[in-house]
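Read off the chains here:
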Amino acid sequence: KDTELPSPSELIDQQMLKDDIRRLVKTLSPREQAVIRLRFGLDDGKPLGLAEISDKFKVDKQVISKIEAKALLKLRQPSRSHVVQCYVSDHT
């Protein structure tokens, strides 16, 4: 087996990224926050599909899809995304 444990600095980087993502998501409306957190599994590590989220909110999948799209557009705004830009590799 070739399983390497993350170094202490990698663990710190991961925690800092999680904290910065949490702060970034908090800039959204409460409904957008909830959809993004569920969609990407930010709270429990288990991402949900549109159907599962729409069932939770008791709305059509299209509504959740629109909320997600609007939230992602907001998160990509340079005024917001600069917070996590330092984590993005030049190789992407």
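Residues numbered from 1 in each chain as written. Predicted model: local features only at pLDDT ≥ 70, side-chain atom pairs only at ≥ 80, totals over all residues. Heavy atoms only, no water.

**Q** Teacher, can you tell me more about the nonpolar core here?
**A** Inside soluble globular proteins, nonpolar side chains tend to come together where they are buried. Counting 7 residues, the largest nonpolar core is built from Leu24, Val25, Leu28, Ile36, Ala71, Leu75 and Val84. Those elements that place two or more of their residues in this core are helix H1 (8-25) and helix H4 (61-76). Sequence-distant contacts of Leu24, defined by excluding residues within four places in its chain, comprise Leu75, Arg80, Ser81 and Val84. Val35, Leu48, Ile53 and Ile67 belong to the second-largest nonpolar core, a separate cluster that totals 5 residues. (Core = buried A, V, L, I, M, F, W, Y, C linked by side-chain atoms within 4.5 Å. Buried < 20%, exposed > 50% of the residue type's maximum accessible area, 1.4 Å probe, protein only. Helix = DSSP H or I, 4+ residues; strand = E, 2+ residues; numbered from the N terminus. Contact = heavy atoms within 4.5 Å.)

**Q** Can you walk me through the environment of Leu38 in this structure?
**A** Mapped onto the secondary structure, Leu38 falls in helix H2 (residues 30-39). Under the relative-accessibility criterion, Leu38 is labelled partly exposed at 23%. Taking C-alpha positions, Leu38 is 5.8 Å from Leu48, a pair spaced 10 residues apart along the chain. Residue contacts for Leu38: discarding those within four places in its chain leaves Lys46, Pro47, Leu48, Ile53, Lys56 and Phe57.

**Q** Would you explain the packing of H2 against H4 in this entry?
**A** Think of two packed helices as two axes; the pair is described by the angle between the axes and how far apart they sit. The contact between H2 and H4 brings their axes to 9 Å, and the two run at 95°. Relative to H4, H2 is oriented roughly perpendicular. Between H2, through Arg31, Glu32, Val35, Ile36 and Arg39, and H4, the contact on the second element is made entirely by Val63, Ile64, Ile67, Glu68, Lys70, Ala71, Leu72 and Lys74. Here the residues of the contact of H2 with H4 are counted per class, giving 7 nonpolar, no polar and 6 charged. (Axes fitted to C-alpha atoms, helices over the stretch in contact; angles between N-to-C directions. Parallel < 35°, antiparallel > 145°, perpendicular 65-115°, else oblique. Nonpolar A, V, L, I, M, F, W, Y, C, P; charged D, E, K, R; others polar.)

The quantities given are spatial measurements derived from coordinates; they are silent on function.
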